[in-house]
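Here are the chains, one letter per residue:
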Amino acid sequence: VGVNAAGDSIWANPGSGCAFIPPPSSDTIPPVVNNVSLTSANSIKVFFSEPVDSSAELVINYTGLGVVVNAIRNTNGDMVVLTLATALVDGVPNTLTIANVKDTANNIMVMPQSYNLVYNGTLSDIIFTEIMYNDLSNIDSLEYIEIYNNGNTTVNIGGYIIAMGVDYIFPGNTMLNMGEFLVIAKDSALVNSVFGITGTHQWTSGGLKNSGEDIGIQNTNGDTIAYVDYDDASPWPVEADGDGPSLRFCDKSLDNNDGTNWSISQKFVIVFNGDSIFGTPGGDCYITSINTSNNNKISINIYPNPAKDLLNISTIGGVYILSIYNLSGSLIKQIKLTNSNNTISLKDLNSGMYYMQFIDYKTGDIIGKKLIVK
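Residues numbered from 1 in each chain as written. Predicted model: local features only at pLDDT ≥ 70, side-chain atom pairs only at ≥ 80, totals over all residues. Heavy atoms only, no water.

Our focus in this paragraph is the overall build of the protein. Within the protein one finds 1 helix and 31 strands. Relative to its length of 374 residues, the protein is extended, with a C-alpha radius of gyration of 28 Å against a globular reference of 21 Å. Expressed along its principal axes, the backbone C-alpha trace of the protein runs to roughly 90 × 55 × 30 Å. Within the protein, the proportion of its 374 residues that are buried is 44%. (Helix = DSSP H or I, 4+ residues; strand = E, 2+ residues; numbered from the N terminus. Rg over C-alpha atoms; globule rule 2.2 N^0.38 Å. Buried < 20%, exposed > 50% of the residue type's maximum accessible area, 1.4 Å probe, protein only.)

Below, the structure is given as structure tokens:
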């Protein structure tokens, strides 16, 4: 029948009886470009479907990237290295167009082929701040990761690559301001709808493993920008493994890859498939006061108060997320309460006043209390 883009022959005769029709006695298929990759700010590799002739070394056949100094074929003749006179600008989109290249049988490309390219060799202080890796949907369609610019300047992350966990290249001129979050999701429209946010990016392929895995961001040169090896076992909060909450990284001065520095989100969003979803994609995890809703439905007693080393918590049924904050609103401790009577240690808390927030795991109802530690 013909030859596909990879140069393989296709044999088939749908709609008719068995017959043998031999391929042409000579090569009549023109070359195509299979892929283009950046190797540096001045160097680009162009991969063809078959060996090409000297026309591939004519610099006039490569346009859109300024002046091409030279184009050199490899030994097999199916790859060409382009060298640019002027380096590509970090994070800025470019378009390379290839045309008029012939194969060794003198077949010329049928039409020009264009590729969007973004080079970025910069290093920036980007960290991961939220991961929803095992959500409550049937096919993990609410998966997302959140990144944060932890530096002190605006950065252009266009061309950065999520190279582990999922596949995604940030579009050219993707600007991330100091202290700004950005969400990348499996289904951006669904995440925007459920969490009431906008501006979510959608990764190209892949998904986050429920058992945990590496996720990382690299620049074009392969330098690691951000890296986290999350897990569904301690010291990582196990409640994020399909119980509804996302993983949250709140204190951005700590080690981003240490599970003890991560907690579960305490912000109730919606009841989905019979369970509550908790997450704050696109936003921070600090609070400035105790939020209380439907507290007449929740009965929780804490004693003694003031307390010193131990605090007793009595509830009437249900499962609760307890979050303890200091007066500046930073999350200090987070515990899942599954029993009616609980005793927690306060030995790691300094003397002073704290806010306690209890969230009903099923309904999302919230009650707040103040705690004094002696």
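With that settled, consider the sheet that holds strand E29 (residues 341-345). Across the sheet, 3 strands lie side by side as E25-E26-E29; this open sheet has antiparallel pairing. Looking at the sheet topology across the chains shown, the edges are occupied by strand E25 (300-303) and E29. Adjacent strand axes in the sheet meet at a mean angle of 20°, parallel and antiparallel pairs treated alike. Strand direction decides the pairing type here: E25 and strand E26 (residues 310-315), joined by 4 bridges, are antiparallel. Looking at E26, one finds that Ile302 is bridged to Ile313. (Pairing = 2+ DSSP bridges. Axes fitted to C-alpha atoms, helices over the stretch in contact; angles between N-to-C directions.)

Right, let's talk about the sheet that holds strand E28 (residues 331-337) for a bit. Spatial ordering of the open sheet is given by E28-E27-E30-E31, a layout of 4 strands whose pairing is antiparallel. Either end of the sheet is taken by a strand with one partner, and the two such strands are E28 and strand E31 (366-373). Across the sheet, the mean angle separating the axes of adjacent strands is 20° when strand polarity is ignored. Sheet topology places strand E27 (residues 320-325) next to strand E30 (residues 352-360); 6 bridges connect them, and they run antiparallel. Bridge pairing links Leu322 to Phe358 in E30.

Here we come to helix H1 (residues 188-195). Among the residues of H1, Ser188, Val191, Val194 and Phe195 are the ones counted as buried. Along the long axis of H1, the arc covered by the buried residues comes to 135°, so they all point the same way. Exposed side chains of H1 directed beyond 90 degrees from the buried face belong to Ala189 and Ser193. In the stretch just after H1, Gly196 is the one whose phi turns positive, near 65°. (Arc of directions from axis to C-beta.)

Another point: the side chain of Asn149. In this structure, Asn149 sits in strand E11 (residues 144-149). We classify Asn149 as buried; its relative accessible area is 1%. Separated by 3.0 Å, the side chain of Asn149 and the backbone oxygen of Leu176 make a polar contact. From its side chain, Asn149 meets the backbone oxygen of Asn177 in a polar contact 3.1 Å long. (Polar contact = N/O pair within 3.5 Å; in protein donor to acceptor, adjacent residues only side chain to side chain.)

Okay, the pattern of salt bridges next. In the structure shown here, the tally under the stated rule is 6 salt bridges. A salt bridge links Asp243 to Lys336, with the nearest nitrogen and oxygen atoms 3.2 Å apart. Of the two residues, Asp243 sits in the loop between strand E20 (224-231) and strand E21 (247-249) while Lys336 sits in strand E28, which places them 93 residues apart along the sequence. One salt-bridge network, held together by shared partners, links Glu130, Glu146 and Arg248. (Salt bridge = Lys/Arg side-chain N within 4 Å of Asp/Glu carboxyl O.)

Of note, the bond from Ser234 into Pro235 is cis; its omega dihedral lies within 30 degrees of zero at 15°. Among the secondary structure elements, Pro235 is positioned in the loop between E20 and E21. Each neighbour pair has its own omega, and for Tyr303 with Pro304 the value is -10°, a cis peptide bond. Take Pro304: it is sitting in the loop between E25 and E26. Of note, the phi angle at Asn100 is positive, near 65°, even though the residue is not glycine. In this fold, Asn100 is placed in the loop between strand E8 (93-98) and strand E9 (113-118). Its relative accessible area of 46% is what places Asn100 among the partly exposed residues. The phi angle at Asn173 is positive, at roughly 60°, despite the residue not being glycine. Relative to the assigned elements, Asn173 resides in the loop between strand E14 (166-169) and strand E15 (175-176). On the accessibility criterion, Asn173 (42% relative accessible area) is partly exposed.

This part is about the packing of aromatic side chains. Applying the stated criterion across every chain, the model contains 7 aromatic pairs. Taken together, a centroid distance of 5.5 Å and an interplanar angle of 40° make the contact between Trp236 and Trp262 tilted. Linking Trp236 in the loop between E20 and E21 with Trp262 in strand E22 (residues 262-264), this pair joins segments that are 26 residues apart in sequence. In this pair, the class of Trp236 matches that of Trp262, namely buried. With centroids separated by 5.9 Å and ring planes inclined at 70°, the aromatic side chains of Phe268 and Phe278 adopt a geometry described as edge-to-face. Of this pair, Phe268 sits in strand E23 (residues 268-272) while Phe278 sits in strand E24 (residues 275-278), placing them 10 residues apart in sequence. (Phe/Tyr/Trp six-rings, centres within 6.5 Å; stacked < 30°, edge-to-face > 60°.)

Right, let's talk about the side chain of Gln113 for a bit. With respect to the helices and strands, Gln113 occurs in strand E9. Residue class for Gln113 comes out buried when judged on its relative accessible area of 18%. Within the local environment of Gln113, its side chain forms a polar contact with the backbone nitrogen of Val33, the two atoms lying 2.7 Å apart. Those residues in contact with Gln113 that sit more than four places away from it in its chain are Val32, Val33, Leu96, Thr97 and Ile98. (Contact = heavy atoms within 4.5 Å.)

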